[in-house]
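So you can see what is in the structure, the chains are spelled out below.
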Amino acid sequence: MLYLKELNVESSKQEYEFFKHMPSEHGFENEYENISYRDFITHSIKERLDASKGINLKPGFVPDTYYFLWNDNEIVGLFKIRHYLNDFLRTGPGHIGYGILPKYRNKGYASKGLALALEKCKKLLPEDETEVYFSVHKNNPASLKAQLNNQAYIHHESEAEYYTRIKIR
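Residues numbered from 1 in each chain as written. Predicted model: local features only at pLDDT ≥ 70, side-chain atom pairs only at ≥ 80, totals over all residues. Heavy atoms only, no water.

Draft legend 1. A look at the pattern of salt bridges. If you walk through the whole model with that rule in mind, you get seven salt bridges. Close ionic contact of Glu25 with Arg105 constitutes a salt bridge, the shortest N to O distance being 2.5 Å. A residue pair is termed long-range when its members are at least 10 positions apart, and Glu25 in the loop between helix H1 (12-21) and helix H2 (37-52) and Arg105 in the loop between strand S4 (96-100) and helix H4 (109-124) qualify at 80 residues. On the basis of relative accessible area, Glu25 is assigned to the partly exposed category, the value being 25%. Across the pair Lys46 and Asp50 runs a salt bridge, and its minimum N-O distance is 2.7 Å. Separated by four residues within a single helix, Lys46 and Asp50 lie in helix H2, roughly one turn from each other. (Salt bridge = Lys/Arg side-chain N within 4 Å of Asp/Glu carboxyl O. Helix = DSSP H or I, 4+ residues; strand = E, 2+ residues; numbered from the N terminus. Buried < 20%, exposed > 50% of the residue type's maximum accessible area, 1.4 Å probe, protein only.)

Below, the structure is given as structure tokens:
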């Protein structure tokens, strides 16, 4: 069974293993791939949980929540949902960043996980947000396909990026 589960202490071993095997690529930033498990459980989890509540945010950052995509007992991906957009996010990365572990790619997990993440957005985002914003590198057609599979449309593009939107209300 496929489901999203918020980052938490109880699943820290599996979450840590995800970060150890998830490369930073195609716009997905993994700031935890080179830290120790001890640092992950003593600092990083607390920082991420605080960030989801808007506590101790760095300047220019907004609250965001990390949801791991689980298939039964295994983590296959991660969806980072920003609770609202500032000017930088509105013209750049958007509401959601996501990544699927390399060994689980091309199996439909991104499309299915994104559908679950969009349901979370309906509860997390302000009521006046009617669309979820994304950016996707043009050299990442699989990510664009996952968005299009969830009724995204290309709003505009630059030389390197597509900027897509998905209506949620």
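Draft legend 2. Structural context of the nonpolar core. Counting 38 residues, the largest nonpolar core has Phe18, Phe79 and Ile96 as the members making the most contacts within it. Of all elements in the fold, only H1, H2, strand S2 (64-71), strand S3 (74-82), S4, H4 and strand S5 (131-137) reach the threshold of two or more residues within this core. Per-element tally for this core: the top contributor is H4, with six residues. For Ile96, the residues in contact, after removing those within four places along its chain, are Phe79, Lys80, Ile81, Arg82, Leu114, Ala117, Leu118, Cys121, Val132, Tyr133 and Phe134. (Core = buried A, V, L, I, M, F, W, Y, C linked by side-chain atoms within 4.5 Å. Contact = heavy atoms within 4.5 Å.)

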